[in-house]
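Secondary and tertiary structure notes
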Amino acid sequence: MTSDAPRRPRPAATVTPCVDGPLLLRGDYELLTPEGERIEPGRRTVALCRCGRSAIKPFCDGTHDSTRFRASGDRERPPGR
Ligand code: FES
């Protein structure tokens, strides 16, 4: 089966918001501190905390489950937009 739809180039890295959880970062990425020092992720796919409660920021440690963090997996927009 073939498609005539144009193929999008594969991005170097992708970020996927998880419903009520972290941001999954995959691909060819580099994590840096605000000072520009490299943070070694130790794996190709990492979960980045977006609830603010992780003890191992910038990585998710699962604390979002016990704090009942809620967030959509979709893009969120400010009210009125
Ligand atoms: S999103 Fe998992 S601990 Fe913050």
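Residues numbered from 1 in each chain as written. Predicted model: local features only at pLDDT ≥ 70, side-chain atom pairs only at ≥ 80, totals over all residues. Heavy atoms only, no water.

A short note on the nonpolar core
Note the following rule: Side-chain atoms within 4.5 Å are what join buried Ala, Val, Leu, Ile, Met, Phe, Trp, Tyr and Cys residues into a set we call a nonpolar core. Only protein chains enter the area calculation, which uses a 1.4 Å probe; residues under 20% of their type maximum are buried, those over 50% are exposed, and those in between are partly exposed. Only heavy atoms matter for contacts: two residues are in contact if any of them lie within 4.5 Å across the pair.
Of all hydrophobic cores here, the largest spans 6 residues; its members are Leu25, Tyr29, Leu31, Val46, Leu48 and Phe59. Contacts of Leu25, omitting those with residues within four sequence positions, involve Ala13, Thr14, Val15, Leu31, Arg44, Thr45, Val46 and Leu48.

Considering the pairing of strand β1 (residues 13-17)
Test applied: The pairing criterion for strands is at least two bridges between them, as found by DSSP. Think of it this way: any DSSP run of H or I at least four residues long counts as a helix, any run of E at least two long counts as a strand, and we number them from the N terminus.
As paired strands, β1 and strand β2 (residues 23-27) are joined by 5 bridges and run antiparallel to one another. Its bridge partner lying in β2, Val15 is registered against Leu25. A loop of 5 residues connects β1 with β2, the two strands running antiparallel in sequence, and Asp20 in this loop sits at a positive phi of about 60°.

Some thoughts on the sheet that holds β1
Under the convention used in this document: For helices, the axis comes from a line fit to the C-alpha atoms of the stretch in contact; other axes are also lines fit to C-alpha atoms, and the angle between any two N-to-C directions lies between 0 and 180 degrees.
With antiparallel pairing, 3 strands are arranged side by side in an open sheet as β1-β2-β5. Among the strands making up the open sheet, the edge pair consists of β1 and β5 (46-48). Geometrically, the sheet is characterised by an average inter-axis angle of 30° between neighbouring strands, direction not taken into account.

As for the pattern of salt bridges
Condition: Within this document, salt bridges are pairs made up of a side-chain nitrogen of Lys or Arg and a carboxyl oxygen of Asp or Glu, the two lying within 4 Å of each other.
Under the criterion given, the structure shown has 3 salt bridges. Between Glu30 and Arg38 there is a salt bridge; the shortest N-O distance is 3.4 Å. For Arg38, a relative accessible area of 46% translates into the label partly exposed.

Some details on the environment of Cys60
As for its placement among the helices and strands, Cys60 is situated in the loop between β5 and α1 (63-66). Placed 35 residues apart in sequence, Cys60 and Leu25 show a C-alpha to C-alpha distance of 11 Å. Not counting the four nearest positions on each side in its chain, Cys60 is found in contact with Pro22, Ala47, Leu48, Cys49 and Ser54.

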